Structures are given as C-alpha cells and as structure tokens.
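Single-letter residue listing:
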Amino acid sequence: MKTFEYGDQEIGQKEIVVTTASMIVGYGVLTMPRQIAKVTSGVDGLISIFTAGLIALFGAWMAAKLAARFPQQSFFDYTSKIVTKPVAYSLSALFALYSILFASYEVRGVANIAKHYLFDRTPVEVLTLYFLLVVIYAASGSRVAIIRLNALFMPIVFGVAVLVLFMNIGYLKMEHIKPFFSTNFSGYLAGMKSTIFSFLGFEVLLFYVSMMNQPQKAMKGAIIGTSIPLLYYLASYFFVIGVFGDATTATILYPGVEIAKEVEAPGGFFERFESFSYTVWVMTQFNTALMFVDLSVICLQTLFKKKKKQGIIFVLAPIIYLCAMFPQNVDQFGKYGDWISYFGLVLAFFLPSLLFLIAKIRRVKGNG
Amino acid sequence: MPSHDYPITIFASVQKNIQNIKTILHNPVDLSARVFTIGQTNHTCAVICIDGLVDKKLVNDEIIKNIQLGTSQANLRIPHSTQEIIEELANEILSIYELNKSNQLDDVMFAILSGDTALFIEGSEEVLLIGSKGWETRGIEEPLTEALVRGPRDGFNENLQTNMVHIRRRIRDPNLRFDSLIVGRRSKVGVVITYIDGVVHPQLVTEIKRRISSIDLDNVQESGFIEQWIEDSFLSPFPQIQHTERPDKVTAAISQGRVGILVDGTPFALLAPVTLGQFLQSQEDYYDRWQIGTAIRIMRYFAAFIATFLPSLYIALLEYQQGMIPSKLAFSIAGTREGVPFPAVIEAVMMEATLELLREAGIRMPKPIGQTIGIVGGLVIGEAAVSAGIVSPVMVIIVAITAISSFAMPSYSFGISLRLLRFGIMASAAVFGLYGVILSYVMINIHIANLKSFGIPYSTPFSPTLYHDWRDLVIRAPLMFLRKRPQMLQTDDPMRMNKKGGKS
C-alpha cells in the first residue's frame, strides 16, 4: 500500500508523530521548570518529569488505541457507539469547551511571552489579536494542511531548541546539579502534577486518528510522538537547572526561554539569543493553538451539523479572544491555566481509558 | 455582428467555391486562388491558400507543377469521373505526405487559415486538404530567460512543430505521447499535451485535459492564458505551473512523470504539476557533478530566504529589537544612520521600490541602454542617495543583497512572487517587529500548505514528508542514488535506472 495516495486527505504514521509532538509542546514547557524547581531540589525534577512522561505515554497509547479501534470514524461516531448518543453529544460539548479554553490559553501565552521578550510598549491585546487572526486563517483551510504545517514547523522548532540546549554545555555547573535524591516524596508528586499539565495535548489523537489510512499504526505513532516531548522536557530541565540552579530557576518567569540568554551565537552575529529562539518557538505554539481551534471546530460541527466550518470559526474567534483576554495579569493567567489543565486531565487521561473499558466490556468494535 | 448570408456548403463548381471563400474572408489580399486545368485534360481545379502561411515552393513544385505536367510525363491516363480523379491525384500525382479529404466547409476554412492548401476539383464536393504549412519563423536560439553554463543551447521557438521535434529528438520512446487539442474560439490555437505513457499517473493527464478543454476564451495569446485558466488558485502569489523555454527541461520533467503543455505561437512550454522545491532547481544541477549541484541548491535556498526576509529582518531589528544586534555593529549602524530623516521602514520601502523600478526599466529598454540604466540607477543613485543623507549605506547594502538574491532564483516567476511577498512582510515587520516577521512566515506556510498544483500539495515532499524525494530536493544526490522517480508524482513506473547495468 502506498503511504501517500494521489492528492488525498489521509495521513500516515509520520504525520501522527509530528502532530502529537507539536501538540504537546507548547506554552507549558517554557514555564514548567520554574514550577518543578519550586518543589524539588537539584535535578531531582527529572524523576518527576520522567514519571509524568510515562503516565502521558500510557494516556497517549490509550487514546490512540481507542481511536484506532474505530477506523475512519469520528470521535462522535465512536463515542455514540460506546455510550449512547446523548452522552456522546455532551462529551463533544465538553471537548469543545476545553479546546476553546486551551486555545485561548495558548494564544494569550504567546502574546504574554512576546510582550515580555520582544516588545516593551505594544499592548498585549494587539499581539493576541494578530496571532489569533493568523490561527483563524490557518483553521479555515483544510484539515490536512494543519497537519502538514506541523510537519513543516516541527523540525525547525526542535532544531533550534536542541541547538540552544547544546550551546549551553559550557555553562553547566556541577554544583547546580548536585545533590541527587534530596527531595521528599511529596515534592516529587507536586513536580509530577505540574509536569503532567505540560503533556496535555495528546488527546488530539482521539480526533485525528480517524484520518489515518493505517490506523493500526496509530499506537506506535502516539508513543513516538509523546516520547519526543518527553526527551526534550528531560533535556531542557536538565540544562535549565544545570545553568541556573534550582533556586534561581524557581524565580525565573520563563526559564525555557531564558536558557537561550546565556548563549552567544557563533561569530557574534546575534545578541540576546533568547529573542530569536523565542521567535522560532512561536511556531510550535501556533501549531498547538491551531489544533485546539480545529478540535473545537470538529466538536462543534457534530453539535451543529448544518453550520459551515467557516461560520463556526467566525463565531469562535471572538469567543477565544475574549477568553484569552480574561486573565488580567500573569498570576491570574497561571491560575486560569491550572483550571484548564485540571479539566484536561479528566478529559485526556481518564475519559479515553474509561471509554475503552466500556467498549471492551460492551464489545463494541469499529466494524460491528 | 457580421452577416452570415453566405452558404456553408461546398459546391461542385470550382468558381462558386472560390467566390464563396472570398466572400467569407472578405477578399483579403493574401488569399491566393489559382485556377488551372489538370494536364492534357480540360478538368478545372483550383488551389486556395493564404500567401505567406504556406510553403510557396511546395505549392508550386509539388502541387501545381505535378498536376499540370506530372500527369503527361508519367503518361498517366486521367480518368473521367471526378471521384476517380481525386483518387488518382491523391494516390499518384501529389507528392505530399500530409493529405486529407473533407466535404465540410468548416474544415476547409480552418485548414486554409492554418496554412494548409485546399485543392478543389470541378464537379466534386470533396476537397483535398494538403499540408503545406511553412511560414517564416525565428530560428532555434539559445533561450534568453534560462541561460546555462553547461547544457544544450537550443530553445523552443514559436513554432509548435519545431518544439515537438525538440522533444522527439530527445526521447525516442514509442510511449511518448503528443495529445493535441485546439483552444480559443477565434484563435484556434493548437495545444499539445506531452507525457510518457506508462510513466505518468493517468489521472493527471485526464485532469489536465479536462481543465484545458474547459477553456472558453476567444483568443489564447500565450501559454500564460492557459496557465492562468487551469491553475488551482488564482489568488495565490505563487505560480502553480512551471514554464520553461528549455526542451531539455521539458524532457526531464516528462520522464519524471510530469506533463508538458506546448502551445503554438510561444516558446514557453508549461510543466505541471509543480511544487515549491522545483522552483529552486535548475536543470544544470543535474549536468554538473553532484557536489556542485548540491552546493548551488543549498545556496539558492539561502538566497530565497534572503530575498524574502532580509529587509524585514533589518527593519525588525532596527526598530524593535535593537538589543539583538551586537553592540559594536549597532553603534556603527547608528553612526551611518546619523542624519537620515526617515525610520528604517520608509527607507527600506523607498529603496526597494526604486530597485524594482530600475529592474523594470532595464527590461523594457533596448539592451545597451538597459545596462546603462542599471549602472546609472544602481551606482549613481545609490551613491548620491547616501551622500545626500536620504538613506544609510547599510540600507543600500541590504537592498542590494536582497536584489541579487532574488535574481539568483532560477525561475523568474517564482522570484517575482517572493518580491511581492517581501513588501507584505516588511509592513508586518514595521508594526510588529520580529513577531510580525515570524507570523508572516507562518502565514506564508499556511498558504503553501493549503495550496495544490493539480492535486499535489505545494509543500510536497517537505510535507507530506516523502523522504525518498529528499534526495533530489535541497541536495542533489549522486545520480546513482536517484534510482526512483519522485514518489510524489505517483508514477506508474517508479524505477528510472537499473544499477546492475548492461543486462537490460
């Protein structure tokens, strides 16, 4: 079987990998080291990240498994098979709400950091609006194009991100890394909690696996796609702590961006490398925001069958914008993100497993 | 509205037919109608053709002379019935390989207007249409817009037949196809779709034919008309069909599984489908050794980036992110900008616009003057603008590098697209700095991801990611590694070489 049919709308395993990876990596990883460093000491946070990553791997595998059980069927189709139509409707509604909130969170996150690193006077409202308009433009295009964009951006983003990390090798300090295992158990748990939020996003599999031409490869794609962020998170945390130390990291607003500050571009062509690396990072946040907008469109389309995609997006845009403008400052924004993440925890981790369990018990299958 | 009060049938009488055709064409000066009798008989016949469109020698020697004299020299007995005369003429007298019969006035008119000769015979309603096209054409010259250092020097010209010959001469495969279509209500231009059967994806040919046959223009003046009619998105700044003057480029493309479209009356052939990467490739990449080809291609990608983004990056850094410029450089830039009354945006737009103007002026001028314009414009104005303190020297450098980079694009039309985009990105950078630049980049990518050329995503093989095609994308792998045709074209026959060699 050819993996790329002539001009069709299907995707393969590679696309699932990049989609999962670029969905997971977003705003979260930039602030994550601060939250972990607050509750753990040295590089012990790595254990938290790793454990959280394993849970996320399981979650992603579960979501892929569930979706692959029903090949070429939309989320609504298979949920209504597993748990009756009314429940499926409400699940879609919940997912729509969650996606709208997460999209607004991501959009605002971009603007916040851009304001912090790139502008001093341009108001955050305008930055948000511009970014949102670009997202809306992309969301109005075809769904396959969204996935293609992931594949176009991800290598660039990861290339620059990994480059930034490795250019920091010279600044690593042993005394920052030591001592090992000096955190208590509740510290690890608290670290895990904040990490697991950064792994949210793999729920996209519930929706996009239906586009795959070989759904049986979805699980492998999901695992690889989740491992890439996991590895990056581990490396990133290690370098952040190694360069800044846990005490300093706990006070830095965006340690994930700040890590580039120490770096000097070879040849002295650029200074303030963090502005450059953040600029590139905008692309992955764009992908995340875009896919959340698209997820909400998918869900809303099942709720309002007669409405056109463009019409839904047209109504959605102002809602997302208002949601994004809701938090007044960085503190409120952080709380806003926490609430969304709790919401996401339920939808992304527990729901797929529950649905899969019910499907197993009731013996509901894609072809039956 | 012209009056259609002439009959549309062919008469048995030669005189009547001549009269009718003269009426239809309003008796133009270049219409020749010669009435004569077939040798040693008193059967009247007539040749009608358009002077200048036909090969005069052929009409004189092979048609008229043969009919007048050839019959007696060969001691042929001319039969009496007109039907037999026509057979005799076709079989034994006319030494011309291209010969058709028709009894439709429509066909006859079309043949005459396209340079064929019509032979009427008294008493018959059937007309012999003799292929005698032979007008003056430009010779085969080196293509002006796509010069190469190494590679064949011949280019297409305005004659469709000659252009087809170019391709035939390079591919002696019985599966080479030339499917001919006629487009344009009034111009009735011949269009030839060329591809290799068994290599090309059959649906691609069907789709291209469908789109071309949907053309309903009265006059198709150039292949650009066809390109614009059949392209996927007319709003896109990017060309979705490639055009070329080089026969070797067309043959290379069709042997990869693409489709060429030749149009009569223009040296520019069209190639479809096309993706972004192909606009950054030159045919010469394959003729040189692979290291050179690869190095040049990588350079072109940089050039494309610079041509699109350099001025906007300069604006963004200077207006918003001054901190990113190393302090020494920042000071020297600030020093040279001393006294420049405009912000960097205005300066950049002004200089870019001037340069575009210069380029346009240079093209339209006669060649020697065009070069002078380049020197006067580039050197004198640039120098004067700097010393007058209107622009900074750094800006001149930026603009010059950008211009050179955009001229390094192998495809002229693609270079123009990038130049157009540049102004939009500059505006975005002026308001939002680096953030604006990156969002413009994202927007361009969104557009590219949504764009298709004949069903193939414009961003292939970058995304959808087809690793095998990457061997001939940014790099040009050694020939032995290019064993398969591009996967994105979904060819019927994927292999293009056998490494074992010799054993067929």
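How each quantity is defined
Residues numbered from 1 in each chain as written. Chains lettered and ligands numbered in written order. Predicted model: local features only at pLDDT ≥ 70, side-chain atom pairs only at ≥ 80, totals over all residues. Heavy atoms only, no water. Helix = DSSP H or I, 4+ residues; strand = E, 2+ residues; numbered from the N terminus. Rg over C-alpha atoms; globule rule 2.2 N^0.38 Å. Buried < 20%, exposed > 50% of the residue type's maximum accessible area, 1.4 Å probe, protein only. Areas by Shrake-Rupley, 256 points an atom, 1.4 Å probe, with all protein chains shown as cover. Lys, Arg positive; Asp, Glu negative; His and termini not counted. Charge placed at Lys NZ, Arg CZ, Asp CG, Glu CD. Axes fitted to C-alpha atoms, helices over the stretch in contact; angles between N-to-C directions. Left-handed = near helix turned anticlockwise from the far one by under 90°. Contact = heavy atoms within 4.5 Å. Nonpolar A, V, L, I, M, F, W, Y, C, P; charged D, E, K, R; others polar. Core = buried A, V, L, I, M, F, W, Y, C linked by side-chain atoms within 4.5 Å. Buried area = accessible area lost by both parts, 1.4 Å probe. Salt bridge = Lys/Arg side-chain N within 4 Å of Asp/Glu carboxyl O. Polar contact = N/O pair within 3.5 Å; in protein donor to acceptor, adjacent residues only side chain to side chain. 1 Å grid on protein atoms, 1.4 Å probe; cavity = no way out; pocket = protein on both sides within 12 Å on 5 of 7 lines; lining within 4 Å. Points joined across faces, edges and corners; volume = space filled by probe spheres on them. Phe/Tyr/Trp six-rings, centres within 6.5 Å; stacked < 30°, edge-to-face > 60°. Lys NZ or Arg CZ within 6 Å of the ring centre and 35° of its normal. Patch = residues over 30% accessible without salt bridge, like charges linked within 9 Å, V, L, I, M, F, W, Y side chains within 5 Å. Disulfide = S-S within 2.5 Å. Pairing = 2+ DSSP bridges.

## Quick look at the overall build of chain B
In step 1: A count of helical and extended segments in chain B gives 15 helices and twelve strands.
In step 2: In summary, chain B has a C-alpha radius of gyration of 30 Å against a globular reference of 23 Å for 504 residues, an excess of more than 25%.
In step 3: Overall, chain B is about 100 × 60 × 40 Å in size when its C-alpha atoms are taken along their principal axes.
In step 4: Here chain B, with 504 residues, has 50% of them falling under the buried criterion.
In step 5: For chain B, the accessible area works out to roughly 23,900 Å², and carbon and sulfur atoms hold 59% of it.
In step 6: Between the centroid of the 46 positive side chains of chain B and the centroid of its 50 negative side chains there is a distance of 8 Å.

## What to know about the packing of helix α14 (residues 273-303) of chain A against helix α15 (residues 412-450) of chain B
In step 1: Two elements in contact, α14 of chain A and α15 of chain B, have axes whose closest approach is 10 Å; the angle formed by their N-to-C orientations is 35°. Here α14 of chain A runs over α15 of chain B; the crossing is right-handed. Along the contact surface, α14 of chain A presents S275, T279, V282, M283 and F286 of chain A, while α15 of chain B presents L434, I438, L439, Y441, V442 and I446 of chain B.
In step 2: Within the contact of α14 of chain A with α15 of chain B, the residues separate by chemical class into nine nonpolar, two polar and no charged.

## Considerations on the nonpolar core
In step 1: Counting residues in each nonpolar core, the largest one holds 193 residues, and the members touching the most others are F131, Y208, Y278 and F286 of chain A together with Y435 of chain B.
In step 2: Ranked by residue count, the leading element in this core is α15 of chain B, at 18 residues.
In step 3: Residues contacting Y208 of chain A, with those up to four places away along its chain left out, are I11, I16, T19, R143, I146, I147, M291, D294, L295 and I298 of chain A.
In step 4: Membership of the second largest hydrophobic core comes to 22 residues, among which are V189, I226, I241 and V263 of chain B.

## Some remarks on the interface of chain A and chain B
In step 1: Facing the 41 residues of chain A at the interface are 45 residues of chain B.
In step 2: Both faces considered, chain A and chain B share a buried interface measuring about 3,700 Å² in area, 67% of it formed by carbon and sulfur atoms.
In step 3: Inspection of the chain A/chain B interface yields zero salt bridges.
In step 4: Along the contact surface separating chain A from chain B lie seven residue pairs in polar contact (both at pLDDT 80 or more).
In step 5: Its residues placed into classes, the side of chain A that touches chain B shows 26 nonpolar, eight polar and seven charged.

## Points about empty space enclosed by the protein
Residue and element names in this part refer to chain A.
In step 1: For the coordinates displayed, the defined rule picks out three cavities of 30 Å³ or more.
In step 2: Empty space within the largest cavity amounts to approximately 120 Å³.
In step 3: Considering the residues around the largest cavity, the lining is formed by 14 residues, among which A161, Y232, G256, S277 and W281 are closest to the centre.
In step 4: Tallying contributions element by element places helix α7 (residues 143-166) first for the lining of the largest cavity, with five residues.

## Side note on unusual backbone geometry
In step 1: Residue P273 of chain B is reached from A272 of chain B by a cis peptide bond, and omega for that bond is -10°.
In step 2: The amide bond that connects S463 of chain B to the next residue, P464 of chain B, takes the cis arrangement and shows omega of 0°.
In step 3: By the element assignment, P464 of chain B lies in the segment after β12 (456-457).
In step 4: You will see that R363 of chain A, though not glycine, has its phi angle at about 55°, which is positive.
In step 5: Secondary-structure assignment places R363 of chain A in the segment after α16 (330-362).
In step 6: Look at Q490 of chain B: it is not a glycine, yet its phi comes out positive at around 50°.
In step 7: Its place among the elements puts Q490 of chain B in the segment after β12.

## Some thoughts on the packing of aromatic side chains
In step 1: Applying the stated rule across the entire model yields 44 aromatic pairs over all chains.
In step 2: Look at F158 of chain A and Y232 of chain A: their rings are 5.8 Å apart centre to centre, the planes differ by 80°, and that puts the pair in the edge-to-face class. Of this pair, F158 of chain A sits in helix α7 while Y232 of chain A is found in helix α11 (residues 218-244), placing the two residues 74 residues apart along the sequence.
In step 3: Judged by relative accessible area, which is 12%, F158 of chain A ranks as buried.
In step 4: The residue whose ring lies beneath K16 of chain B is F11 of chain B, and the NZ or CZ to ring-centre distance is 5.0 Å.
In step 5: In this structure, R297 of chain B packs its charged tip against the face of Y286 of chain B, placed 5.3 Å from the ring centre.

## What about a nonpolar patch on the surface?
All names here are of chain B.
In step 1: A cluster of nonpolar residues, I363, Y412, I416 and L420, forms a patch on the protein surface that exposes about 370 Å² of accessible area.
In step 2: Tallying contributions element by element places α15 first for the nonpolar patch, with three residues.
In step 3: With respect to the secondary-structure elements, Y412 resides in helix α15.
In step 4: For Y412, a relative accessible area of 45% puts it in the partly exposed group.

## Considerations on the layout of surface pockets
All names here are of chain B.
In step 1: The computed volume of the second largest pocket comes to approximately 1,700 Å³.
In step 2: Lining the second largest pocket are 49 residues, and of these F110, A111, L113, S114 and K188 lie nearest its centre.
In step 3: The set of elements that each furnish at least two residues to the lining of the second largest pocket consists of α1 (14-25), α4 (105-113), β5 (127-130), α5 (160-170), β6 (176-183) and β7 (189-196).
In step 4: Ranked by residue count, the leading element in the lining of the second largest pocket is α4, at seven residues.

## Some words on the state of the cysteines
One covalent bond between the sulfur atoms of two cysteine residues makes up a disulfide.
Residues and elements named next belong to chain A.
In step 1: Evaluation of the coordinates by the stated rule reveals zero disulfides over all chains.
In step 2: C299 takes part in no disulfide bond, and the closest cysteine sulfur to it belongs to C323, at a distance of 15 Å.
In step 3: Of the residues examined, C299 reaches a relative accessible area of 1% and is grouped as buried.

## Considering the pattern of salt bridges
Residue and element names in this part refer to chain B.
In step 1: By the definition in use, this model includes 30 salt bridges over all chains.
In step 2: Of the charged contacts in the structure, one is a salt bridge between E142 and R153, with a shortest N-O distance of 3.6 Å. In this pair, E142 sits in the loop between β5 and α5 while R153 sits in the loop between β5 and α5, placing the two residues eleven residues apart along the sequence.
In step 3: Classification of R153 as partly exposed rests on a relative accessible area of 43%.
In step 4: Linked through salt bridges whose partners overlap, the residues forming this network are E352, E356, R359, E360, R364, R419 and R422.

## What to know about the pairing of β6 of chain B
All names here are of chain B.
In step 1: Pairing geometry for β6 and β7, over eight bridges, is antiparallel. Its bridge partner lying in β7, F178 is registered against T194.
In step 2: If you look at the hairpin formed by β6 and β7, you'll find five residues sitting between the two strands, and G184 has a positive phi there, around 95°.

## Notes on the environment of A353 of chain B
In step 1: In this structure, A353 of chain B sits in helix α12 (residues 344-364).
In step 2: Put simply, A353 of chain B and F423 of chain B are 70 residues apart on the chain and 9.3 Å apart in space, counted from C-alpha to C-alpha.

## Some thoughts on the sheet that holds strand β1 (residues 31-37) of chain B
All names here are of chain B.
In step 1: Taken in spatial order, the five strands line up as β1-β2-β4-β5-β3 in an open sheet, and their pairing is antiparallel. Sheet topology places β1 and β3 (99-102) at the edges, where each strand pairs with a single neighbour. Pairwise comparison of adjacent strand axes, ignoring direction, gives a mean angle of 20° for this sheet.
In step 2: Inspection of the sheet shows strand β4 (residues 117-121) paired to β5 by three bridges, in the antiparallel sense.

Shape is all these values report; function is a separate question.
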